Amino acid sequence: MPVINRIAGFADEMKAWRRHLHAHPELGFDCHETAAYVVERLKEFGVDEIHEGIAKTGVVAIINGRGAGPTIGLRADMDALPIVEATGAKHASKIPGKMHACGHDGHTAMLLGAAKYLAETRNFSGRVALIFQPAEELGGGAGVMVREGALDRFDVAQVYAVHNAPGMPLGTFMTGPGPVLASDDTFHIRIKGQGGHAANPQETRDPIMAAVAIAQALQTIVSRNHYAREEIVLSVTQIHAGSADNVIPETAYINGTVRSFLPEVREMAERRMKEIVKGQALAFGVKAKLDYDHGYPPTVNDPEKSLFAAEAARAVVPADQVVHEENREMGAEDFAYMLEARPGAYMVIGQGEGDGLHQPGYDFNDEIAPLGASYFVRLVESAQPQG
(Lines give C-alpha, C1' and ligand atoms only; values in the text may rest on other atoms or scores of the structure.)
Protein backbone atom coordinates (compact mmCIF):
# COMPACT_ATOMS: atom_id res chain seq x y z
CA MET A 1 0.00 0.00 0.00
CA PRO A 2 1.67 3.28 -1.10
CA VAL A 3 1.36 6.83 0.20
CA ILE A 4 -2.26 7.48 1.13
CA ASN A 5 -3.99 9.08 -1.86
CA ARG A 6 -5.77 11.70 0.23
CA ILE A 7 -2.48 12.77 1.80
CA ALA A 8 -0.79 12.88 -1.61
CA GLY A 9 -3.68 15.11 -2.68
CA PHE A 10 -2.81 17.81 -0.17
CA ALA A 11 0.96 17.52 -0.49
CA ASP A 12 1.10 21.09 -1.80
CA GLU A 13 -0.65 22.29 1.35
CA MET A 14 1.94 20.49 3.46
CA LYS A 15 4.70 22.12 1.44
CA ALA A 16 3.12 25.54 2.04
CA TRP A 17 2.85 24.90 5.79
CA ARG A 18 6.44 23.71 5.94
CA ARG A 19 7.84 26.64 3.98
CA HIS A 20 5.93 29.14 6.09
CA LEU A 21 7.44 27.58 9.20
CA HIS A 22 10.87 27.54 7.59
CA ALA A 23 10.68 31.26 6.90
CA HIS A 24 9.71 32.02 10.50
CA PRO A 25 12.06 29.99 12.74
CA GLU A 26 12.02 30.22 16.52
CA LEU A 27 14.43 28.89 19.12
CA GLY A 28 14.11 26.77 22.23
CA PHE A 29 10.96 27.23 24.24
CA ASP A 30 10.09 30.50 22.48
CA CYS A 31 8.06 28.89 19.71
CA HIS A 32 5.09 31.24 20.15
CA GLU A 33 4.36 32.02 16.49
CA THR A 34 5.04 28.43 15.46
CA ALA A 35 2.63 27.09 18.08
CA ALA A 36 0.00 29.65 17.05
CA TYR A 37 0.34 28.57 13.42
CA VAL A 38 -0.01 24.92 14.43
CA VAL A 39 -3.11 25.67 16.51
CA GLU A 40 -4.66 27.62 13.63
CA ARG A 41 -4.24 24.63 11.31
CA LEU A 42 -5.55 22.19 13.91
CA LYS A 43 -8.70 24.26 14.37
CA GLU A 44 -9.23 24.20 10.60
CA PHE A 45 -8.96 20.41 10.64
CA GLY A 46 -11.59 20.06 13.36
CA VAL A 47 -9.62 18.18 15.99
CA ASP A 48 -11.54 17.52 19.20
CA GLU A 49 -9.29 19.14 21.79
CA ILE A 50 -6.35 21.56 21.74
CA HIS A 51 -4.22 22.08 24.84
CA GLU A 52 -1.65 24.87 24.74
CA GLY A 53 1.10 26.15 27.01
CA ILE A 54 2.66 22.80 27.91
CA ALA A 55 6.41 23.32 28.36
CA LYS A 56 5.68 27.01 27.68
CA THR A 57 4.79 26.72 23.98
CA GLY A 58 4.07 23.02 23.48
CA VAL A 59 0.73 21.92 22.06
CA VAL A 60 -1.17 18.65 22.47
CA ALA A 61 -4.19 18.03 20.25
CA ILE A 62 -6.62 15.13 20.66
CA ILE A 63 -8.52 13.38 17.88
CA ASN A 64 -11.15 10.86 18.97
CA GLY A 65 -11.62 7.69 16.97
CA ARG A 66 -14.72 5.59 16.47
CA GLY A 67 -15.19 3.66 19.66
CA ALA A 68 -13.34 3.15 22.91
CA GLY A 69 -9.66 2.34 23.05
CA PRO A 70 -6.24 3.51 24.23
CA THR A 71 -4.38 6.69 23.26
CA ILE A 72 -1.39 6.66 20.91
CA GLY A 73 1.02 9.60 20.92
CA LEU A 74 2.69 11.08 17.84
CA ARG A 75 5.38 13.70 18.40
CA ALA A 76 6.92 16.44 16.24
CA ASP A 77 9.52 19.00 17.32
CA MET A 78 9.05 22.66 16.35
CA ASP A 79 12.24 24.59 17.22
CA ALA A 80 15.02 25.86 14.97
CA LEU A 81 18.75 26.53 15.42
CA PRO A 82 20.89 29.68 15.90
CA ILE A 83 22.47 29.42 12.43
CA VAL A 84 22.66 31.93 9.58
CA GLU A 85 20.90 30.34 6.60
CA ALA A 86 22.77 29.99 3.29
CA THR A 87 20.26 28.09 1.14
CA GLY A 88 19.22 31.07 -1.01
CA ALA A 89 15.72 29.56 -1.16
CA LYS A 90 12.68 31.76 -1.70
CA HIS A 91 11.33 30.44 1.60
CA ALA A 92 14.61 31.08 3.46
CA SER A 93 14.55 32.35 7.02
CA LYS A 94 13.33 35.90 7.51
CA ILE A 95 14.85 35.98 11.00
CA PRO A 96 18.57 36.83 11.00
CA GLY A 97 20.69 34.25 12.77
CA LYS A 98 17.95 31.64 13.02
CA MET A 99 17.07 28.81 10.65
CA HIS A 100 15.41 25.42 10.48
CA ALA A 101 18.66 23.55 9.91
CA CYS A 102 17.42 20.23 11.33
CA GLY A 103 14.09 19.82 9.55
CA HIS A 104 11.77 20.38 12.48
CA ASP A 105 9.65 22.49 10.14
CA GLY A 106 9.21 19.32 8.06
CA HIS A 107 8.46 17.15 11.08
CA THR A 108 5.74 19.59 12.13
CA ALA A 109 4.29 19.64 8.61
CA MET A 110 4.20 15.83 8.52
CA LEU A 111 2.32 15.64 11.80
CA LEU A 112 -0.09 18.34 10.63
CA GLY A 113 -0.69 16.29 7.48
CA ALA A 114 -1.46 13.23 9.58
CA ALA A 115 -3.76 15.31 11.78
CA LYS A 116 -5.73 16.57 8.78
CA TYR A 117 -6.27 13.04 7.49
CA LEU A 118 -7.05 11.48 10.86
CA ALA A 119 -9.55 14.21 11.74
CA GLU A 120 -11.34 13.59 8.42
CA THR A 121 -11.43 9.79 8.46
CA ARG A 122 -11.24 8.68 12.12
CA ASN A 123 -10.67 5.12 10.95
CA PHE A 124 -9.34 4.02 14.33
CA SER A 125 -10.48 3.36 17.88
CA GLY A 126 -9.46 5.22 21.00
CA ARG A 127 -7.63 8.52 20.66
CA VAL A 128 -4.60 10.10 19.02
CA ALA A 129 -2.53 12.64 20.97
CA LEU A 130 -0.67 14.93 18.56
CA ILE A 131 2.34 16.28 20.49
CA PHE A 132 4.00 19.43 19.09
CA GLN A 133 7.10 20.00 21.18
CA PRO A 134 9.43 23.00 21.61
CA ALA A 135 13.11 23.01 22.57
CA GLU A 136 14.43 19.74 21.19
CA GLU A 137 17.72 21.39 20.26
CA LEU A 138 18.23 23.47 23.38
CA GLY A 139 16.45 22.77 26.63
CA GLY A 140 15.08 19.24 26.47
CA GLY A 141 11.48 20.21 25.76
CA ALA A 142 10.38 16.58 25.60
CA GLY A 143 11.54 16.04 29.15
CA VAL A 144 9.71 19.16 30.30
CA MET A 145 6.51 18.01 28.60
CA VAL A 146 6.80 14.63 30.33
CA ARG A 147 7.40 16.26 33.71
CA GLU A 148 4.41 18.55 33.17
CA GLY A 149 2.24 15.49 32.59
CA ALA A 150 1.70 15.56 28.84
CA LEU A 151 1.71 11.76 28.66
CA ASP A 152 -0.07 11.08 31.95
CA ARG A 153 -2.72 13.75 31.48
CA PHE A 154 -3.84 12.31 28.17
CA ASP A 155 -3.24 8.68 29.15
CA VAL A 156 -0.81 8.06 26.29
CA ALA A 157 -0.03 4.34 26.09
CA GLN A 158 2.67 4.39 23.40
CA VAL A 159 4.54 7.15 21.55
CA TYR A 160 6.33 7.57 18.21
CA ALA A 161 8.47 10.17 16.43
CA VAL A 162 10.23 10.57 13.09
CA HIS A 163 13.33 12.43 11.93
CA ASN A 164 14.58 13.17 8.44
CA ALA A 165 18.01 11.94 7.33
CA PRO A 166 19.99 13.71 4.59
CA GLY A 167 22.30 11.37 2.71
CA MET A 168 20.03 8.38 3.24
CA PRO A 169 18.17 7.22 0.10
CA LEU A 170 14.94 9.08 -0.54
CA GLY A 171 11.97 7.27 0.97
CA THR A 172 14.00 4.80 3.02
CA PHE A 173 12.81 4.16 6.58
CA MET A 174 15.16 2.99 9.32
CA THR A 175 14.68 2.00 12.94
CA GLY A 176 15.80 -0.78 15.26
CA PRO A 177 15.37 -2.39 18.67
CA GLY A 178 16.99 -1.01 21.79
CA PRO A 179 19.35 2.00 21.87
CA VAL A 180 19.39 3.99 18.62
CA LEU A 181 20.91 7.30 19.81
CA ALA A 182 23.38 8.05 22.58
CA SER A 183 23.23 10.05 25.78
CA ASP A 184 24.67 13.55 25.51
CA ASP A 185 26.71 14.87 28.44
CA THR A 186 28.81 18.03 28.56
CA PHE A 187 31.91 18.73 30.62
CA HIS A 188 33.64 21.95 31.65
CA ILE A 189 37.10 21.95 33.22
CA ARG A 190 38.41 25.19 34.72
CA ILE A 191 42.10 25.31 35.61
CA LYS A 192 43.77 27.95 37.77
CA GLY A 193 47.53 28.20 38.04
CA GLN A 194 49.89 31.11 38.50
CA GLY A 195 50.66 33.30 35.54
CA GLY A 196 53.83 35.17 34.78
CA HIS A 197 56.33 36.24 32.15
CA ALA A 198 56.96 33.62 29.46
CA ALA A 199 60.70 34.22 29.89
CA ASN A 200 60.51 32.94 33.46
CA PRO A 201 58.30 29.82 33.40
CA GLN A 202 59.95 28.55 36.59
CA GLU A 203 58.09 31.28 38.48
CA THR A 204 54.68 30.11 37.22
CA ARG A 205 52.34 27.15 37.54
CA ASP A 206 51.40 26.83 33.90
CA PRO A 207 47.69 26.04 33.30
CA ILE A 208 48.31 25.46 29.60
CA MET A 209 50.59 22.49 30.23
CA ALA A 210 48.03 21.13 32.67
CA ALA A 211 45.24 21.60 30.13
CA VAL A 212 47.19 19.78 27.43
CA ALA A 213 47.98 16.90 29.78
CA ILE A 214 44.36 16.65 30.94
CA ALA A 215 43.03 16.67 27.36
CA GLN A 216 45.43 13.89 26.38
CA ALA A 217 44.74 11.82 29.47
CA LEU A 218 40.99 12.03 28.93
CA GLN A 219 41.41 10.07 25.69
CA THR A 220 42.67 7.08 27.66
CA ILE A 221 39.16 6.67 29.06
CA VAL A 222 38.04 5.53 25.61
CA SER A 223 41.17 3.56 24.73
CA ARG A 224 41.95 1.95 28.10
CA ASN A 225 39.07 2.16 30.59
CA HIS A 226 36.08 0.70 28.80
CA TYR A 227 35.14 -2.50 27.00
CA ALA A 228 35.62 -1.85 23.30
CA ARG A 229 32.20 -3.29 22.32
CA GLU A 230 30.36 -0.83 24.59
CA GLU A 231 30.43 2.33 22.50
CA ILE A 232 31.55 5.65 23.93
CA VAL A 233 32.79 8.90 22.41
CA LEU A 234 34.68 11.53 24.41
CA SER A 235 35.51 14.65 22.43
CA VAL A 236 37.39 17.69 23.67
CA THR A 237 35.93 20.53 21.59
CA GLN A 238 37.36 23.69 23.18
CA ILE A 239 40.57 24.72 24.92
CA HIS A 240 40.96 28.39 25.77
CA ALA A 241 43.96 29.99 27.48
CA GLY A 242 46.19 33.00 27.15
CA SER A 243 46.13 36.21 25.14
CA ALA A 244 49.74 37.16 24.44
CA ASP A 245 52.91 35.48 23.17
CA ASN A 246 55.01 36.55 26.14
CA VAL A 247 52.62 35.84 29.00
CA ILE A 248 51.86 32.53 30.68
CA PRO A 249 48.21 32.91 31.69
CA GLU A 250 46.69 32.23 35.07
CA THR A 251 43.72 30.18 33.83
CA ALA A 252 42.70 27.69 31.15
CA TYR A 253 39.38 26.17 30.15
CA ILE A 254 38.49 22.82 28.55
CA ASN A 255 35.06 21.86 27.20
CA GLY A 256 33.66 18.83 25.42
CA THR A 257 31.06 16.09 25.20
CA VAL A 258 30.66 12.46 26.24
CA ARG A 259 28.32 10.11 24.34
CA SER A 260 27.38 6.59 25.39
CA PHE A 261 24.50 4.11 25.54
CA LEU A 262 24.80 2.27 28.86
CA PRO A 263 24.38 3.80 32.35
CA GLU A 264 27.44 1.99 33.67
CA VAL A 265 29.60 3.35 30.83
CA ARG A 266 28.29 6.86 31.46
CA GLU A 267 29.06 6.50 35.18
CA MET A 268 32.55 5.14 34.49
CA ALA A 269 33.41 8.06 32.20
CA GLU A 270 32.38 10.65 34.76
CA ARG A 271 34.29 8.88 37.55
CA ARG A 272 37.47 8.56 35.52
CA MET A 273 37.27 12.19 34.40
CA LYS A 274 37.13 13.30 38.03
CA GLU A 275 40.14 11.13 38.87
CA ILE A 276 42.16 12.35 35.89
CA VAL A 277 41.44 16.03 36.50
CA LYS A 278 42.32 15.72 40.19
CA GLY A 279 45.51 13.75 39.48
CA GLN A 280 46.80 15.99 36.71
CA ALA A 281 46.08 19.12 38.74
CA LEU A 282 48.20 17.70 41.54
CA ALA A 283 50.97 16.76 39.11
CA PHE A 284 51.17 20.27 37.65
CA GLY A 285 50.62 22.17 40.87
CA VAL A 286 47.41 23.84 39.73
CA LYS A 287 43.80 23.84 40.85
CA ALA A 288 41.24 22.28 38.51
CA LYS A 289 37.49 21.85 38.76
CA LEU A 290 35.34 19.53 36.65
CA ASP A 291 31.67 20.33 36.08
CA TYR A 292 29.95 17.35 34.45
CA ASP A 293 26.46 18.05 33.14
CA HIS A 294 24.14 15.14 32.39
CA GLY A 295 22.26 15.88 29.17
CA TYR A 296 19.76 13.80 27.21
CA PRO A 297 19.64 10.10 28.09
CA PRO A 298 20.04 7.44 25.38
CA THR A 299 17.13 7.08 22.97
CA VAL A 300 15.99 3.50 23.50
CA ASN A 301 13.32 1.93 21.32
CA ASP A 302 11.03 -0.72 22.73
CA PRO A 303 11.98 -3.79 20.65
CA GLU A 304 8.38 -4.82 20.00
CA LYS A 305 7.29 -1.28 19.12
CA SER A 306 10.25 -0.77 16.80
CA LEU A 307 9.24 -3.91 14.89
CA PHE A 308 5.66 -2.64 14.77
CA ALA A 309 6.91 0.74 13.47
CA ALA A 310 8.85 -1.00 10.72
CA GLU A 311 5.70 -2.87 9.66
CA ALA A 312 3.77 0.41 9.56
CA ALA A 313 6.47 1.86 7.30
CA ARG A 314 6.18 -1.18 5.00
CA ALA A 315 2.55 -0.20 4.48
CA VAL A 316 3.82 3.06 2.95
CA VAL A 317 6.92 2.09 0.93
CA PRO A 318 8.21 -1.20 -0.54
CA ALA A 319 9.50 -3.64 2.05
CA ASP A 320 13.09 -3.39 0.82
CA GLN A 321 13.07 0.33 1.67
CA VAL A 322 12.48 -0.38 5.36
CA VAL A 323 15.45 -1.32 7.52
CA HIS A 324 14.91 -2.80 10.98
CA GLU A 325 18.16 -3.72 12.66
CA GLU A 326 20.53 -2.63 15.42
CA ASN A 327 22.05 0.57 14.08
CA ARG A 328 23.28 2.93 16.76
CA GLU A 329 24.36 6.53 16.16
CA MET A 330 26.26 8.75 18.57
CA GLY A 331 23.91 11.71 18.10
CA ALA A 332 21.32 12.51 20.74
CA GLU A 333 17.60 13.31 20.80
CA ASP A 334 15.34 14.46 23.63
CA PHE A 335 12.54 12.14 22.47
CA ALA A 336 14.54 9.82 24.75
CA TYR A 337 12.59 11.25 27.70
CA MET A 338 9.27 10.18 26.19
CA LEU A 339 10.65 6.70 25.47
CA GLU A 340 11.77 6.45 29.09
CA ALA A 341 8.18 7.16 30.12
CA ARG A 342 6.33 5.08 27.51
CA PRO A 343 7.09 2.25 25.05
CA GLY A 344 7.48 3.40 21.49
CA ALA A 345 9.94 3.92 18.67
CA TYR A 346 12.01 6.55 16.90
CA MET A 347 12.02 6.30 13.09
CA VAL A 348 14.37 7.90 10.55
CA ILE A 349 13.25 8.77 7.00
CA GLY A 350 15.80 9.26 4.23
CA GLN A 351 15.43 12.47 2.25
CA GLY A 352 18.12 11.92 -0.38
CA GLU A 353 21.30 13.82 -1.11
CA GLY A 354 21.89 17.32 0.18
CA ASP A 355 23.61 19.30 2.90
CA GLY A 356 23.63 17.62 6.29
CA LEU A 357 21.74 18.51 9.44
CA HIS A 358 22.84 21.62 11.36
CA GLN A 359 24.52 23.08 8.26
CA PRO A 360 23.66 26.51 6.81
CA GLY A 361 22.90 25.02 3.39
CA TYR A 362 20.48 22.37 4.67
CA ASP A 363 16.81 22.33 3.68
CA PHE A 364 14.08 19.79 4.34
CA ASN A 365 13.00 17.80 1.26
CA ASP A 366 9.23 18.34 0.86
CA GLU A 367 8.96 15.12 -1.15
CA ILE A 368 9.12 13.04 2.03
CA ALA A 369 6.34 14.90 3.88
CA PRO A 370 3.55 12.70 2.43
CA LEU A 371 5.60 9.62 3.36
CA GLY A 372 5.99 10.76 6.95
CA ALA A 373 2.33 11.74 7.28
CA SER A 374 1.22 8.40 5.81
CA TYR A 375 3.53 6.56 8.19
CA PHE A 376 2.00 8.35 11.17
CA VAL A 377 -1.48 7.41 9.95
CA ARG A 378 -0.56 3.75 9.43
CA LEU A 379 0.82 3.62 12.96
CA VAL A 380 -2.51 4.80 14.34
CA GLU A 381 -4.74 2.66 12.17
CA SER A 382 -2.63 -0.46 12.76
CA ALA A 383 -2.17 0.03 16.50
CA GLN A 384 -5.81 0.88 17.17
CA PRO A 385 -7.98 -0.55 14.37
CA GLN A 386 -11.62 0.35 14.33
CA GLY A 387 -13.67 -2.35 16.04
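Since the model is a prediction, treat every value here as computed from it, not as a measurement. (Residues numbered from 1 in each chain as written. Predicted model: local features only at pLDDT ≥ 70, side-chain atom pairs only at ≥ 80, totals over all residues. Heavy atoms only, no water.)

Caption draft 1: Representation of a nonpolar patch on the surface within the structure. Together, Met209, Val212 and Phe284 give the surface a local cluster of nonpolar side chains, amounting to about 240 Å² of exposed area. Along the chain, Met209 falls in helix α7 (residues 207–224). (Patch = residues over 30% accessible without salt bridge, like charges linked within 9 Å, V, L, I, M, F, W, Y side chains within 5 Å. Areas by Shrake-Rupley, 256 points an atom, 1.4 Å probe, with all protein chains shown as cover. Salt bridge = Lys/Arg side-chain N within 4 Å of Asp/Glu carboxyl O. Helix = DSSP H or I, 4+ residues; strand = E, 2+ residues; numbered from the N terminus.)

Caption draft 2: Local environment of the side chain of His104. Structurally, His104 is set in helix α4 (residues 104–121). For His104, the side chain forms a polar contact with the side chain of Glu137, separated by 3.4 Å. (Polar contact = N/O pair within 3.5 Å; in protein donor to acceptor, adjacent residues only side chain to side chain.)

Caption draft 3: Examining the packing of aromatic side chains more closely. A full pass over the atoms with the stated rule returns 7 aromatic pairs. An angle of 55° between the planes, with centres 5.6 Å apart, marks the rings of Phe173 and Tyr375 as tilted. Placement of the pair is Phe173 in strand β6 (residues 173–175) and Tyr375 in helix α11 (residues 369–383), with a sequence separation of 202 residues. You'll find Phe173 and Tyr375 in the same group, each marked buried. One aromatic cluster in this structure is built from Phe10, Trp17 and Phe45. Across from the ring centre of Tyr37, 4.5 Å away, lies the NZ or CZ of Arg41, which sits over that ring. Over the face of the ring belonging to Phe10 we find Lys116, whose NZ or CZ atom lies 5.5 Å from the ring centre. (Phe/Tyr/Trp six-rings, centres within 6.5 Å; stacked < 30°, edge-to-face > 60°. Buried < 20%, exposed > 50% of the residue type's maximum accessible area, 1.4 Å probe, protein only. Lys NZ or Arg CZ within 6 Å of the ring centre and 35° of its normal.)

Caption draft 4: Inspection of helix α8 (residues 263–284) at higher detail. For α8, built from 22 residues, the straight-helix expectation of 32 Å at 1.5 Å per residue is met to within 8% by its first-to-last C-alpha distance of 32 Å. Of the positions making up α8, those classed as buried are Val265, Arg266, Met268, Ala269, Glu270, Arg272, Met273, Ile276, Val277, Gln280 and Ala281. If you follow the buried residues of α8, they end up packed against β8 (185–192), α7, β10 (232–241), β12 (251–260) and β13 (287–293). Positive backbone phi, at 70°, marks Gly285, one or two positions downstream of α8. (Expected span 1.5 Å × (residues − 1). Contact = heavy atoms within 4.5 Å.)

Caption draft 5: A look at the packing of helix α2 (residues 11–23) against α4. Direction vectors running N to C along α2 and α4 enclose 145°, while the axes themselves pass 9 Å from each other. Judged by the twist between their axes, the crossing of α2 over α4 is right-handed. From α2, Glu13, Met14, Trp17, Arg18, Leu21 and His22 reach across to α4, where they touch Asp105, Gly106, Thr108, Ala109, Met110, Leu112, Gly113 and Lys116. When the residues that make up the contact of α2 with α4 are grouped by side-chain class, the tally is 6 nonpolar, 4 polar and 4 charged. (Axes fitted to C-alpha atoms, helices over the stretch in contact; angles between N-to-C directions. Left-handed = near helix turned anticlockwise from the far one by under 90°. Nonpolar A, V, L, I, M, F, W, Y, C, P; charged D, E, K, R; others polar.)

Caption draft 6: Expanded view of the sheet that holds strand β1 (residues 49–54). Strand order in the open sheet made by the 8 strands is β1-β2-β4-β3-β5-β16-β6-β15, with mixed pairing throughout. Either end of the sheet is taken by a strand with one partner, and the two such strands are β1 and β15 (322–324). Pairwise comparison of adjacent strand axes, ignoring direction, gives a mean angle of 20° for this sheet. Both β6 and β15 contribute to a ladder of 3 bridges, which runs parallel. Residue pairing in the sheet places Met174 in a bridge with Val323 of β15. (Pairing = 2+ DSSP bridges.)

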